[in-house]
Amino acid sequence: MIILIADRLSPWGHGLTRALTARGVDWGLWSLKEWMRSAWCITLNEGIPVRARADLMRLDSAHACCAIIGACPWGQVGIASFDGRDDAYYRHAWMSVWMVIQTMGVPMFNPIDLNGVGLQWQGVLTHAVRLGFLCVGLDMRFSLCAAARAFERAWFYFYTQHHIDFETILRLWAHHVPQGGQWVCVHRLEDRYYVSAQTTQGPVWYHLSRDVIHNVLAVLDHVQSRLGMALLYVLDQVYFIACTPRGHWHLCWADDRSVQNAFVSHLVQLPDTALSLYPGPAQVPRGLTIPSEFRPIISCVM
Amino acid sequence: MIQRTLCTQSPRTTRARSVIVLVGLLDDPVLVYMARRLMESSGSVVWLDQRALGVDLICTASGWQHLRQGWFLAHQSVGAVYNRCMHVCWGLSVAAFSQRILTYLLESVYPNVINRPSTGASNFSKLAQLIQLSGTVLRVPESVLSVGCMPPSGDWVFKSASNQRSVVHAVSRLDQARYGAEPVLYQQRVQGDNVRVHVFQGRCEAVRIEAVSVDYRYCADAVFRVCTLPKQIEQACVKLTHQLGLMLSGIDLIESDQGWTILEVNTSPGFDYFERRIGQRRLSRALVRYFSDCID
């Protein structure tokens, strides 16, 4: 079974569910809140592979999980949306479950951004520069911080609230790049990639050299993005503008259906993992198992 | 007192690689301890208070500016960093953004950082880390990370699933009416002596702790003694530290009749506590020596 996690499906998430249904693939959609009201048990016993069990509400029979896909708009699967509770202890406890799932080999696409690396443009861009890309504002070195903050805000609002559209994003960056170049999107899907360029008539196919593609994929690897998109600006050299660890092929791809089909074909081939899913009742939110008196704020050994 | 001394010591520090930087909370006892040790040597030390980020402490193109205290620290003057910045901020506030900038600087720009943020994340999830630690000469205890299920029965302990602090107790102390909404880590109890091993630059400093409580940190009668590790255990500790990409680690072991069990690798170890208990400063001296060698 393919698990989709979203409080509200993104446009490409909707397309994906339709394509999965058409291919006869079992899939289920749970919100992050529902996910955290399930019973979980992950067991480590040396010499035996780690196994996990989740008792999920609204499940009719037992399944093995093949993959987990974050299918919300950008930012919605962030830590901040954890059941409306902002308690660091509670939040970190749940994050540790996600980290174990990642460790035990369950394929996760668009995972919850555990460490905020998706928003750490400075780190991403530094890595891109090491690989030979130009980056906006890098000649000013640390003024990159200021530029990055503006980008971060624009990107964040774009994906969380759709305050601005993709064209506006490009216009925002256009102030920082020389005139006459071409906006290029590279979508990555595991080992495959798809390149499109933005034109006034919409997206069209585009060709990038093997070296450039290799380096784009290396940056996406750096942010552990198996499914993602990089935005480039190509003039006589290539600028690495930004990347996101999720698919946005409906926005800027000339033939989004072919990318989606490739993704679904990939999902269909995924084997069962050690994460088993069983029907279970929703847990009623309660207090904490480890009370605050067992969680001293006073300094102690770590 | 320390803060004032540190700040007035460097009102405008721009000389390349001339400063040792401490990063974290002002009331962190480990940082206070480290600051004292560093100030006993001759180097310049500046403390970046995590709580002041984006409020009084602003990151500019060329360095850190403390608005209230009036000092400036150039990025290029940072020669080494002792990092105890533990909690990541999310959101779009200035403070959260400043912390991300700091994380970037610690990860990719500043030299000689103990430890870099990415390596420090390895014990964010105790069970995920244990999975990484499996398969060495050190045994890993049977562990269950669960929520919404009955705890395992028998001689088990429970603790926080993440790197958030909790006092370790026997499962029998759990209030059955309180099985709550957060994932908790349960581990089969291993009876034996606790041994804390600090690894730095390929050397191990080990302390054996004899205590009657499950969690020796909260046992008033606990006895701490310097000890020597068997060669293969020492090598395993050094190897694991290297494998996790850490320069400094604090490894929790238990020696029992069944051999050596590893509980956790602390990526930001509170080594000061052990030095106070054993009355020796071998590790802090090594750290001070390292930092002194890093600055011009």
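Just so it is clear, the model here is predicted, and its values are computed rather than measured.

In this section: the overall build of chain B. When helices and strands are tallied, chain B shows eight helices and 17 strands. Relative to its 296 residues, chain B shows a buried fraction of 59%. The contacts in chain B between residues at least 6 apart in sequence include a share of 67% that link residues at least 24 apart.

Moving on to the overall build of chain A. For chain A, the helix and strand inventory stands at nine helices and 13 strands. When burial is assessed residue by residue, chain A has 58% of its 302 residues classed as buried. Once local pairs closer than 6 in sequence are excluded, the contacts in chain A between residues at least 24 apart make up 71%. Put simply, chain A shows about 12600 Å² of open surface, and 52% of that area lies on carbon and sulfur atoms.

Residues and elements named next belong to chain B. Judged by how many residues are buried, strand β17 (residues 259-266) sits mostly within the fold: seven of eight residues are covered. Two strands pair when backbone bridges link them, and strand β16 (residues 248-256) and β17 are joined in this way by seven bridges, in the antiparallel orientation. The partner of isoleucine 251 across the bridge, within β17, is valine 265. Hairpin connection of β16 to β17: two residues between the antiparallel strands.

With 12 residues, helix α2 (residues 29-40) of chain B extends 17 Å from end C-alpha to end C-alpha; this agrees with the ideal 16 Å at 1.5 Å per step. Every buried residue belonging to α2 of chain B is among Val30, Leu31, Val32, Tyr33, Met34, Ala35, Arg37 and Leu38 of chain B, and all of these are buried.

The next point concerns the packing of aromatic side chains. For the structure on display, the rule yields 17 aromatic pairs over all chains. Here phenylalanine 294 of chain A and phenylalanine 158 of chain B contribute two aromatic rings whose centre-to-centre distance is 6.2 Å and whose plane-to-plane angle is 45°, an arrangement assigned as tilted. In this pair, phenylalanine 294 of chain A is assigned in the segment after β13 (275-279) and phenylalanine 158 of chain B in strand β10 (residues 156-160), connecting two distinct chains. When its relative accessible area of 0% is taken as the criterion, phenylalanine 158 of chain B is described as buried. Through a chain of ring-to-ring contacts, three or more aromatic side chains come together here, namely Tyr33, Tyr82, Phe200, Phe271, Tyr290 and Phe291 of chain B. Its end group placed over the ring of phenylalanine 109 of chain A, arginine 226 of chain A keeps NZ or CZ at 5.4 Å from the ring centre. In this structure, arginine 37 of chain B packs its charged tip against the face of tyrosine 33 of chain B, placed 4.6 Å from the ring centre.

Let's shift gears to the sheet that holds strand β1 (residues 2-5) of chain A. All names here are of chain A. Taken together, four strands build an open sheet; the order of strands is β2-β1-β6-β7 and the sheet is parallel. Taken across any chain shown, the strands that pair with only one partner, and hence form the sheet edges, are β2 (27-30) and β7 (108-109). The pairing of strand β6 (residues 67-70) with β7 spans two bridges and is parallel. Along β7, the bridge assignment pairs isoleucine 69 with phenylalanine 109. Of the strands in this sheet, β1, β2 and β6 touch helix α1 (residues 11-22), which is tilted by about 160° from β1.

On to empty space enclosed by the protein. Using the criterion set out here, one finds five cavities of 30 Å³ or more in the structure. Empty space within the largest cavity amounts to approximately 140 Å³. Glu205, Val207, Glu275, Ile278 and Leu283 of chain B are the residues nearest the centre of the largest cavity, which is lined by 13 residues in total. Going through the elements one at a time, β14 (203-210), α7 (271-278) and α8 (282-294) of chain B are the ones with two or more residues in the lining of the largest cavity. Take the lining of the largest cavity: its biggest share by element is four residues, from α7 of chain B. Its residues assigned to classes, the lining of the largest cavity shows seven nonpolar, two polar and four charged. Put simply, the second largest cavity is a space of about 90 Å³. Lining the second largest cavity are 13 residues, with Met36, Arg37, Gln283 and Val284 of chain A together with Ala181 of chain B positioned closest to its centre. Across the lining of the second largest cavity, the residue classes break down as six nonpolar, four polar and three charged.

Here we take up the packing of helix α3 (residues 88-103) of chain A against helix α5 (residues 126-133) of chain B. Between α3 of chain A and α5 of chain B, whose axes approach to 7 Å, the crossing angle comes to 25°. Comparing their axes, α5 of chain B and α3 of chain A come out roughly parallel. Each of Met99, Val100 and Thr103 of chain A in α3 of chain A lies in contact with α5 of chain B, whose residues at this interface are Leu127, Ala128 and Ile131 of chain B. Looking at side-chain class alone, the contact of α3 of chain A with α5 of chain B contains five nonpolar, one polar and no charged residues.

Let us now look at unusual backbone geometry. Residue and element names in this part refer to chain B. Here isoleucine 114 and asparagine 115 are connected by a cis peptide whose omega angle stands at -15°. The backbone of arginine 17 shows a phi angle near 45°, a positive value even though the residue is not glycine. A positive phi angle, close to 50°, is found at glutamine 201, a residue other than glycine. Along the chain, glutamine 201 falls in the loop between β13 (193-200) and β14. The class of glutamine 201 is exposed, set by a relative accessible area of 51%.

Attention now moves to α1 of chain A. With 12 residues, α1 of chain A ought to run about 16 Å at 1.5 Å a step, and its terminal C-alpha atoms sit 17 Å apart, in line with that. Phi turns positive, to about 75°, at glycine 24 of chain A, one or two residues after α1 of chain A.

Take the nonpolar core next. The nonpolar side chains of soluble globular proteins are, as a tendency, buried together. Counting 74 residues, the largest nonpolar core has Trp35 and Ile68 of chain A together with Val197 and Leu253 of chain B as its most contacted members. Among the elements that make up this core, the one with the highest residue count is α3 of chain A (nine residues). Counting residues in each nonpolar core, the second largest holds 25 residues, with Leu31, Tyr33, Trp47 and Leu287 of chain B among its members.

Do not read the predicted coordinates in detail wherever pLDDT is low. All names here are of chain A. Of the residues in chain A, 74% have a pLDDT of 70 or more, and the chain-wide mean is 78. Averaged over each element, pLDDT in chain A is lowest for helix α5 (residues 144-161) (51) and highest for β13 (97). Ignoring residues within four places in sequence, the model shows residues 74-80, a span with pLDDT below 50, making 26 contacts including any to other chains. Scored below 50 in pLDDT, residues 114-119 shows 19 contacts in the model against residues more than four places distant or in partner chains.

The next subject is the pairing of strand β4 (residues 48-56) of chain A. Residues and elements named next belong to chain A. Here six bridges tie strand β3 (residues 39-45) to β4, and the two strands are oriented antiparallel to one another. Counted as the bridge partner of alanine 39 is aspartate 55 from β4. Relative to β13, β4 is paired through five bridges, and the arrangement is parallel. Each bridged residue has a counterpart across the sheet, and for aspartate 55 the counterpart in β13 is tyrosine 278.

Attention now goes to the pattern of salt bridges. Oppositely charged side chains can form a pair if their charged atoms are brought close together. On inspection of all chains with the given rule, the structure shows 17 salt bridges over all chains. Ionic pairing is found between aspartate 221 of chain A and arginine 188 of chain A, a salt bridge with its closest N-O pair at 3.0 Å. Of this pair, aspartate 221 of chain A sits in helix α7 (residues 210-222) while arginine 188 of chain A sits in strand β8 (residues 182-189); the two residues are 33 residues apart in sequence, bridging distant segments of the chain. The exposure class of aspartate 221 of chain A is partly exposed, given its relative accessible area of 45%. In this structure, arginine 276 of chain B and aspartate 272 of chain B form a salt bridge, with 2.7 Å as the shortest nitrogen-oxygen distance. Taken together, the residues span about one helical turn, with arginine 276 of chain B and aspartate 272 of chain B both in helix α7 at a distance of four residues.

Thresholds, definitions, all that
Residues numbered from 1 in each chain as written. Chains lettered and ligands numbered in written order. Predicted model: local features only at pLDDT ≥ 70, side-chain atom pairs only at ≥ 80, totals over all residues. Heavy atoms only, no water. Helix = DSSP H or I, 4+ residues; strand = E, 2+ residues; numbered from the N terminus. Buried < 20%, exposed > 50% of the residue type's maximum accessible area, 1.4 Å probe, protein only. Contact = heavy atoms within 4.5 Å. Areas by Shrake-Rupley, 256 points an atom, 1.4 Å probe, with all protein chains shown as cover. Pairing = 2+ DSSP bridges. Expected span 1.5 Å × (residues − 1). Phe/Tyr/Trp six-rings, centres within 6.5 Å; stacked < 30°, edge-to-face > 60°. Lys NZ or Arg CZ within 6 Å of the ring centre and 35° of its normal. Axes fitted to C-alpha atoms, helices over the stretch in contact; angles between N-to-C directions. 1 Å grid on protein atoms, 1.4 Å probe; cavity = no way out; pocket = protein on both sides within 12 Å on 5 of 7 lines; lining within 4 Å. Points joined across faces, edges and corners; volume = space filled by probe spheres on them. Nonpolar A, V, L, I, M, F, W, Y, C, P; charged D, E, K, R; others polar. Parallel < 35°, antiparallel > 145°, perpendicular 65-115°, else oblique. Core = buried A, V, L, I, M, F, W, Y, C linked by side-chain atoms within 4.5 Å. pLDDT = per-residue confidence, 0-100. Salt bridge = Lys/Arg side-chain N within 4 Å of Asp/Glu carboxyl O.

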